[in-house]
Amino acid sequence: MDEPSVERDLDGLGEQATDGHTRLTDISGGTEGRSMASIPEYYAGKNVLITGATGFMGKVLVEKLLRACPEVRALYLLVRPKAGQSMEQRVSDMMTCKQLLLYFDADGLKLDTSPVGMGVQGFSVCRVSGGEACVRHELLFDRVREVNPDFHLKIIPISSELTQPGLAISPEDVERLSACINVVFHCAATIRFDEPLKHALQLNVIATQQLLSLAKQMQHLEAFVHISTAYANCNRKHIDEVIYPPPVEPKKLIDSLEWMDDSIVRDITPRLIGDRPNTYTYTKALAECVVQQEQDKLNIAIIRPSIVGASWQEPVPGWIDNFNGPSGVFIAAGKGILRTMRANNDAVADLVPVDMVINLTLAAGWYTAVHRPKSALVYNCTTGGINPFHWGQIEHHVMLSFKRNPLEQAFRRPNANITSNYLMNQYWILVSHKFPALIYDFVLRLSGQKPQMMRIFNRLHKAIGLLEYFSSQDWEWNSENMSMLMSQLTPEDRRTFNFDVRQLNWPEYIENYCIGTKKYVLNEDMSDIPAARQHLRKLRNIRYTFNTLLVVFIWRVFIARSQMARNIWYFVVSLCFKFLSYFRASSTITK
Ligand SMILES: CCCCCCCCCCCCCCCCCCCC(=O)SCCNC(=O)CCNC(=O)[C@H](O)C(C)(C)COP(=O)(O)OP(=O)(O)OC[C@H]1O[C@@H](n2cnc3c(N)ncnc32)[C@H](O)[C@@H]1OP(=O)(O)O
Ligand SMILES: NC(=O)C1=CN([C@@H]2O[C@H](COP(=O)(O)OP(=O)(O)OC[C@H]3O[C@@H](n4cnc5c(N)ncnc54)[C@H](OP(=O)(O)O)[C@@H]3O)[C@@H](O)[C@H]2O)C=CC1
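Here's a quick rundown of the structure. (Residues numbered from 1 in each chain as written. Chains lettered and ligands numbered in written order. Predicted model: local features only at pLDDT ≥ 70, side-chain atom pairs only at ≥ 80, totals over all residues. Heavy atoms only, no water.)

**Observations concerning the sheet that holds strand 9 (residues 300-305)**
Using the following cut-off: Here, any two strands with at least 2 DSSP bridges between them count as paired. Only runs of H or I of at least four residues qualify as helices and only runs of E of at least two qualify as strands under DSSP, and these elements are numbered from the N terminus. Interaxial angles span 0 to 180 degrees and are taken between N-to-C directions of axes, which are lines fitted to C-alpha atoms, for helices over the stretch in contact.
Taken together, the seven strands give an open sheet; going across it, the order is 5-2-1-6-7-9-13, and neighbouring strands pair in parallel fashion. Each end of this open sheet is capped by a strand with a single partner; those strands are strand 5 (155-159) and strand 13 (377-381). Adjacent strand axes in the sheet meet at a mean angle of 20 degrees, parallel and antiparallel pairs treated alike.

Quick look at the structure:
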């Protein structure tokens, strides 16, 4: 099961490389002299189907497609109704960026939950009386609206629940999609690391299989772009742009899990996922295999981004709308809650900005449709091999950014450190997380409020525990197809659909990323920065006062009351004194 299973044959356009992998370089020769449509020209008049459009990457994809390819005919979005909202309402909210950001206690004052469990009093965006709070922030679609105020007319929501048979698409919609779709972008997935295997399999694998069946019915389909992850094969250290053999035959697993009840599946999950850290990476690997098996005559591209972070340039620098991956860690550190985390300072932090991933995705869609490779082309969309940056450097720049642009109502002054040493990390968890949480909860109890800090830390520890696997080691991805795709673009397309990761200036990117979490995730106002700085000064004074009181307390309890402690103390002081006198005397002699 070690050797890549894909054999490439690119419709006569390319040759097989000696290592068995065909790369885009091989193809480019075959297209010389042809007049090829630019990316916007290609998408002009096309009908595009997108899954996962309401998600982080889906939104950026929809925005960019509408803005950079204004002649695109229509975007059909497969959306499910959710949280009492119809799919039409959800799509309309998405376009006005009205988004459910934070949840509140029934008393409307305390933030109850957040994805990484960092909720803390004063962490809120706006306060409402019970239930949920909807906030509006800088609009993602503002730039599209400027170019085309009627852009919403191009968006056609299609009701679909991907975990249902036939994706729960009505027969009329199936007919409609089969007749008109030219390009499919499949972004939907569950990206939770703790997803029960059955559900992850249902959404990430079976839904992909069903979407491929639907795609085969599409009479005018030119390209099917599947979004995978660079970590689908994280059990390997070196990852090529090939589809590796799956850990298990997907069909066999689907059939076996069908009859098992949830508790049995839960029990056997660790055995099944083997050397992968979670059900997410496991099912994404199976999905790639399904794409390969079901390919038939479809023209397929597989995009494998690494850790997708805030945008680099578009629609605005630092745009981000969630707590996933590093964003939650940055926020927790910026709020002064997270003080320690297990990560390897020298390991490469393979972050890639969302706009670069989307630019590559659109370019790959164009390339796939124009060149029609017979077998799926895989694009490892990573930064580490070309423009590496390390977790230690990320830590430094995140701390610097949050000191310059502090978050509101921080719990403590931001001062987080990463360490690869397990015991050291446990020590700091005790001293810097659990001890302050106990004191804070004690103060809350005294003032008649419900203790909450310990609960928050427990959830935070669970979340960072799931991320540590990725921050404690590094991988080597071959990203030749990404480079070669870039070489296929016209100079104009290279500017509009820029995914040249060499141009990333990491310190600047991290600063914008941190500001983005403040502005777009926490919806904090930049004009409040002076007040936030004042708050940090107050926290620093509290710490100085606390430390002074602690020293006085220790003196009173241990030194002043015990003869032995006093003797040790005098011994240490006289030793220091003798050392100083000796040092002064010897320096006088040398003069
Ligand atoms: C030390 C500081 C310096 C920093 C330097 C070092 C940094 C190291 C960082 C390392 C990061 C490494 C990251 C690597 C990741 C690579 C993986 C590959 C990339 C991918 O392919 S996928 C993307 C990654 N996926 C994720 O990140 C998902 C991880 N998250 C989870 O698995 C779960 O969320 C988690 C963490 C298990 C938490 O689960 P849980 O406690 O159940 O919390 P929920 O997610 O269910 O959410 C709780 C609660 O909040 C509500 N919610 C949801 N969204 C929002 C929102 N936007 N605002 C407010 N509230 C929200 C949610 O509905 C839940 O409410 P309930 O009422 O339903 O409880
Ligand atoms: N974010 C990252 O760091 C990385 C992501 N990826 C991949 O990129 C893709 C997009 O990720 P991202 O945007 O971050 O993920 P999000 O969680 O933000 O979005 C997931 C999308 O899938 C949709 N979806 C989930 N379940 C269903 C369902 N049952 N029926 C219909 N739609 C559903 C969601 O819709 P709804 O709004 O209804 O929940 C949402 O639109 C995924 O394939 C992921 O594996 C790869 C590497 C890194």
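**Overview of the pairing of strand 13**
Definition in use: Note on exposure labels: buried denotes an accessible area under 20% of the residue type's maximum, exposed denotes more than 50%, and partly exposed covers the range between, all computed with a 1.4 Å probe on protein chains only.
Of all five residues that make up strand 13, five are buried, and the element is covered over most of its length. Alternating positions in strand 13 separate into two faces, L377, Y379 and C381 on one and V378 and N380 on the other, with burial throughout. In this sheet, strand 13 lies alongside strand 9 in parallel orientation, the contact comprising five bridges. Bridging from a neighbouring strand, I303 pairs with Y379 of strand 13.

**Looking at the site of ligand 2**
Rules: Distances are taken per atom, and a residue is near a molecule or strand as soon as one of its heavy atoms is within 4 Å of it. Residues adjacent in sequence count toward polar contacts only when both atoms are side-chain atoms; beyond that, a polar contact is any pair of N or O atoms within 3.5 Å, and within protein one must be able to donate a hydrogen and the other to accept it. In short, Shrake-Rupley with a 1.4 Å probe defines the accessible areas, and a residue's cover is counted only from the protein chains shown. Residue classes follow a fixed rule: Ala, Val, Leu, Ile, Met, Phe, Trp, Tyr, Cys and Pro count as nonpolar, while Asp, Glu, Lys and Arg count as charged, and any other residue, Gly among them, counts as polar.
Around ligand 2 sit 26 residues, and of these T54, R80, R90, E161 and Y280 come closest. The separation between an oxygen atom of ligand 2 and a polar side-chain atom of K82 is 2.8 Å. Contacts to ligand 2 include E161, whose side-chain N or O atom sits 2.6 Å from a nitrogen atom. For ligand 2, whose unbound accessible area comes to 890 Å², protein coverage reaches 89%. Going through the elements one at a time, helix 3 (56-68) and helix 10 (279-293) are the ones with two or more residues in the shell around ligand 2. Within the shell around ligand 2, the residues separate by chemical class into 13 nonpolar, eight polar and five charged.

**A word on the packing of helix 7 (residues 197-217) against helix 10**
To describe two helices that pack against each other, one gives the angle between their axes and the distance between the axes. Basically, it comes down to this: The labels follow the angle: roughly parallel below 35 degrees, roughly antiparallel above 145, roughly perpendicular from 65 to 115, and oblique for the rest. Each crossing is labelled by how the near helix is turned from the far one, with a counterclockwise turn of less than a right angle marking it left-handed and a clockwise turn marking it right-handed. The contact criterion used is simple: two residues touch if any of their non-hydrogen atoms lie within 4.5 Å.
Following both chains from N to C, one finds helix 7 and helix 10 inclined at 20 degrees, their axes separated by 9 Å at the closest point. It follows from the interaxial angle that helix 7 and helix 10 lie roughly parallel. Helix 10 is crossed by helix 7, and the crossing has right-handed handedness. The segment helix 7 lies against helix 10, with L197, A200, L201, N204, V205, T208, Q209 and L212 engaging T279, Y280, Y282, T283, K284, L286, A287, V290 and V291. In terms of residue class, the contact of helix 7 with helix 10 is made up of eleven nonpolar, five polar and one charged.

**Some remarks on a nonpolar patch on the surface**
For clarity, the threshold we go by: Only residues above 30% relative accessible area that lack a salt bridge enter a patch, with like-charged residues linked at up to 9 Å and the nonpolar side chains Val, Leu, Ile, Met, Phe, Trp and Tyr linked at up to 5 Å. Note on definitions: salt bridges are taken to be side-chain nitrogens of Lys or Arg within 4 Å of carboxyl oxygens of Asp or Glu.
Together, F435, I439, F442, V443, L446, F546, L550, F553, I554 and F558 make up an exposed nonpolar region whose accessible area comes to about 990 Å². The set of elements that each furnish at least two residues to the nonpolar patch consists of helix 14 (422-446) and helix 19 (529-559). You can see F442 is positioned in helix 14.

**Considerations on the environment of L466**
With respect to the element layout, L466 can be found in helix 15 (residues 453-471). The class of L466 is partly exposed, set by a relative accessible area of 33%. Apart from the residues lying within four places of it in its own chain, the contact partners of L466 are F193 and D194.

**Notes on the layout of surface pockets**
To locate leftover empty space, one rolls a probe as large as a water molecule over the atoms. Under the convention used in this document: Only protein atoms enter the 1 Å grid used here, on which a cavity is any set of points holding a 1.4 Å probe that cannot leave and a pocket is any open set flanked by protein within 12 Å on both sides along at least five of seven lines; residues with an atom within 4 Å of a point are listed as lining. Grid points are joined across faces, edges and corners, and a volume is the space filled by probe spheres set on the points.
The computed volume of the second largest pocket comes to approximately 1,000 Å³. If you trace the second largest pocket, you find 29 residues lining it, with F411, R412, P436, I542 and R543 closest to the centre. If you list the elements that add at least two residues to the lining of the second largest pocket, you get strand 14 (417-419), helix 14 and helix 19. If one sorts the elements of the lining of the second largest pocket by residue count, helix 19 sits on top with nine residues. Of the residues belonging to the lining of the second largest pocket, the class tally is 15 nonpolar, nine polar and five charged.

**Structural notes on helix 14**
The cut-off we apply is this: Expected span of a helix: the number of residues minus one, times 1.5 Å. We define the bend at any residue as the angle between the axes fitted to the seven residues before and including it, ending there, and the seven starting there.
With 25 residues, helix 14 ought to run about 36 Å at 1.5 Å a step, and its terminal C-alpha atoms sit 34 Å apart, in line with that. Within helix 14, the axis deviates most sharply at I429, by approximately 30 degrees. Among all positions in helix 14, only N425, I429, S432, H433, P436, A437, D441 and L444 are buried. For helix 14, the N-terminal capping position is held by N421, with its side-chain oxygen 2.9 Å away from the main-chain nitrogen of L423. Where helix 14 terminates, the next one or two residues include G448, which has phi positive at roughly 80 degrees.

**Some thoughts on the packing of aromatic side chains**
In plain terms, the rule: Put simply, two rings from Phe, Tyr or Trp (the six-membered ring, in Trp's case) pair if the centres are within 6.5 Å, and we call them stacked under 30 degrees between planes, edge-to-face over 60, tilted for the rest.
Using the criterion set out here, one finds 21 aromatic pairs in the structure. Taken together, a centroid distance of 5.8 Å and an interplanar angle of 65 degrees make the contact between W366 and Y367 edge-to-face. In this pair, the class of W366 matches that of Y367, namely buried. For the ring pair Y427 and W428, a centre distance of 5.0 Å and an interplane angle of 70 degrees mean the geometry is edge-to-face. Using a relative accessible area of 44% as the deciding quantity, one classes Y427 as partly exposed. An aromatic cluster is built from F193, Y231, Y280, Y469, F470, W475 and W477, whose rings are joined through pairwise contacts.

**Let's talk about the nonpolar core**
In summary, soluble globular proteins display a tendency toward joint burial of nonpolar side chains. The line we're drawing: We define the nonpolar core as a collection of buried residues of types Ala, Val, Leu, Ile, Met, Phe, Trp, Tyr and Cys that are connected through side-chain atoms lying within 4.5 Å of one another.
Among the nonpolar cores identified, the biggest contains 112 residues, and Y43, I50, V62, L77 and F185 are the most heavily contacted of them. Tallying contributions element by element places helix 12 (residues 354-371) first for this core, with eleven residues. Once you skip the residues sitting within four places of it in the chain, Y43 turns out to touch V48, L65, C69, E71, V72, R73, V183, F185, L362, G365 and W366. In this structure, L212, L257, V291 and A376 belong to the second largest nonpolar core, which totals 44 residues.

**So, the state of the cysteines**
Here is the rule we go by: When two cysteine sulfur atoms lie within 2.5 Å, the pair is treated as a disulfide.
This structure, assessed with the given rule, holds zero disulfides. A disulfide-free cysteine, C289 has its sulfur positioned 16 Å from the sulfur of C234, the nearest such atom. Residue C289 is classed as buried on the basis of its relative accessible area of 3%.

**Considerations on the pattern of salt bridges**
Summed over the entire model, instances satisfying the criterion amount to 19 salt bridges. Note that R145 and D142 form a salt bridge whose closest N and O atoms lie 3.0 Å from each other. Here R145 pairs with D142, and both are found in helix 5 (residues 142-147), just three residues apart, close to one helical turn. Residue classification places R145 among the partly exposed positions, given a relative accessible area of 27%. Take D142: its relative accessible area is 31%, and that puts it in the partly exposed class. Between D194 and K462 there is a salt bridge, with its nearest N and O atoms 3.2 Å apart. Here K462 lies in helix 15 and D194 lies in the loop between strand 6 (183-186) and helix 7, a separation of 268 residues in the sequence. A residue is classified by how much of its surface remains accessible, and D194, at 32% relative accessible area, is partly exposed. In this structure, a network of salt bridges that share partners links the residues E63, K64, R67 and E314.

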